[in-house]
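One-letter residues, chain by chain:
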Amino acid sequence: TITAGAPNTLTARLKRGNHDWVRVFVGNDNALASRATAWVNLANGTLGTVSASGSWTLGSGHSVTSLGNGWHQLELRFTPNHATLTVWATSASADNTTARANVGSGAGVGCQYEMWGVQVEQGQPATAYQANAGSLSGPAVSTRGADLATASFATLFPGGAGTVLWSGMLPQNAGAAAAQTLWQ
């Protein structure tokens, strides 16, 4: 469920076709007066300009991550002013431009890229991809608990000793002085 005024995250998996730049935007009207926009360079997997318009605001930590085999995952963090959202994507001729890519037949004509696994969820950062049964006529709404990894000490370290290497972020849901547990 999307709540107006609450932080949200859009994730989308993208792959280059016959041009480099894609512009992905999420908004609450077809006129795009209120939206968050990200430009992604699919040739090198980098994030270009990220912007917000209308009364939307941007979160921090936007990213493009390589998924291998030419696929990249965009993570765009924003706070919308409306609870009904629409996601669009178009080719772009360069970073921070609304001009469509031209592959020889006119702007936007014949441009190809792949996009799948688009997901908008309340909260930041994004959780793991969750398949659902959406349709072209409307989204599928699904909920789930937090992503948790659990294992016993004996399973992780059958010899009784070892090292844990972890990279990630612990959100500060509790007060600033409260402790959070990574390992228990």
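Going by the structure above, here's the rest.
Residues numbered from 1 in each chain as written. Predicted model: local features only at pLDDT ≥ 70, side-chain atom pairs only at ≥ 80, totals over all residues. Heavy atoms only, no water.

Peer 1: Hey, could you run me through the overall build of the chain in this one?
Peer 2: The helix and strand inventory of the chain stands at one helix and nine strands. N-terminal to C-terminal, the α/β element order of the chain is β-β-β-β-β-β-β-β-β-α. In the chain, of all internal contacts separated by at least 6 residues, the share reaching a separation of at least 24 is 58%. Surface summary for the chain: the accessible area is close to 10,700 Å², and the carbon and sulfur share equals 52%. (Helix = DSSP H or I, 4+ residues; strand = E, 2+ residues; numbered from the N terminus. Contact = heavy atoms within 4.5 Å. Areas by Shrake-Rupley, 256 points an atom, 1.4 Å probe, with all protein chains shown as cover.)

Peer 1: What exactly am I supposed to notice about the pattern of salt bridges here?
Peer 2: Side chains that differ in sign of charge can pair as their charged atoms come close. In total, this model carries two salt bridges according to the counting rule given. One salt bridge connects R16 with D20, and the closest N-O pair in it is separated by 2.7 Å. When the shortest N-O distance is used, the salt bridge between R77 and E75 registers 2.6 Å. (Salt bridge = Lys/Arg side-chain N within 4 Å of Asp/Glu carboxyl O.)

Peer 1: Would you mind going over the sheet that holds strand 4 (residues 46-53) with me for this structure?
Peer 2: With antiparallel pairing, the four strands of this open sheet are ordered in space as 4-3-2-8. This sheet does not close on itself; its edge strands, each paired only once, are strand 4 and strand 8 (86-92). Averaged over all neighbouring strand pairs, the angle between strand axes comes to 15°, with direction disregarded. With seven bridges connecting them, strand 2 (residues 21-27) and strand 3 (residues 35-41) associate as antiparallel partners. (Pairing = 2+ DSSP bridges. Axes fitted to C-alpha atoms, helices over the stretch in contact; angles between N-to-C directions.)

Peer 1: Looking at this structure, I do not really get the side chain of E121. What am I missing?
Peer 2: For E121, the location among the structural elements is in strand 9 (residues 113-122). Engagement of the side chain of E121 in a polar contact is seen with the side chain of Q119, the distance being 3.1 Å. With residues up to four places along the chain from it excluded, the contact list for E121 reads I2, N8, T9, A126 and T127. (Polar contact = N/O pair within 3.5 Å; in protein donor to acceptor, adjacent residues only side chain to side chain.)

Peer 1: In this structure, what is going on with the nonpolar core? I would like to understand it.
Peer 2: Judged by nonpolar contacts, the single largest core of 14 residues is most densely connected at L74, L76 and F78. Counting residues per element, the ones that place at least two in this core are strand 1 (8-16), strand 2, strand 3 and strand 7 (71-79). (Core = buried A, V, L, I, M, F, W, Y, C linked by side-chain atoms within 4.5 Å. Buried < 20%, exposed > 50% of the residue type's maximum accessible area, 1.4 Å probe, protein only.)

Peer 1: Hey, could you run me through the environment of A92 in this one?
Peer 2: Summarising the element assignment, A92 is placed in strand 8. The exposure class assigned to A92 is buried, which follows from its relative accessible area of 2%. Spatially, the C-alpha atom of A92 lies 9.4 Å from that of N41, the residues being 51 residues apart in sequence. Setting aside chain neighbours within four positions, we find A92 in contact with W21, V22, R23, W39, T97, A99, R100 and A101.

Peer 1: Help me understand the packing of aromatic side chains, please; the structure alone is not making it clear to me.
Peer 2: Under the definition given, this model contains three aromatic pairs. Ring centres 5.2 Å apart and planes at 15° place the aromatic pair W56 and F78 in the stacked group. Here W56, found in the loop between strand 4 and strand 5 (57-58), pairs with F78, found in strand 7; they are 22 residues apart in sequence, far enough to count as distant. Like F78, W56 is buried. Seen from the ring of W116, R13 lies directly overhead, with NZ or CZ sitting 5.6 Å from the centre. (Phe/Tyr/Trp six-rings, centres within 6.5 Å; stacked < 30°, edge-to-face > 60°. Lys NZ or Arg CZ within 6 Å of the ring centre and 35° of its normal.)

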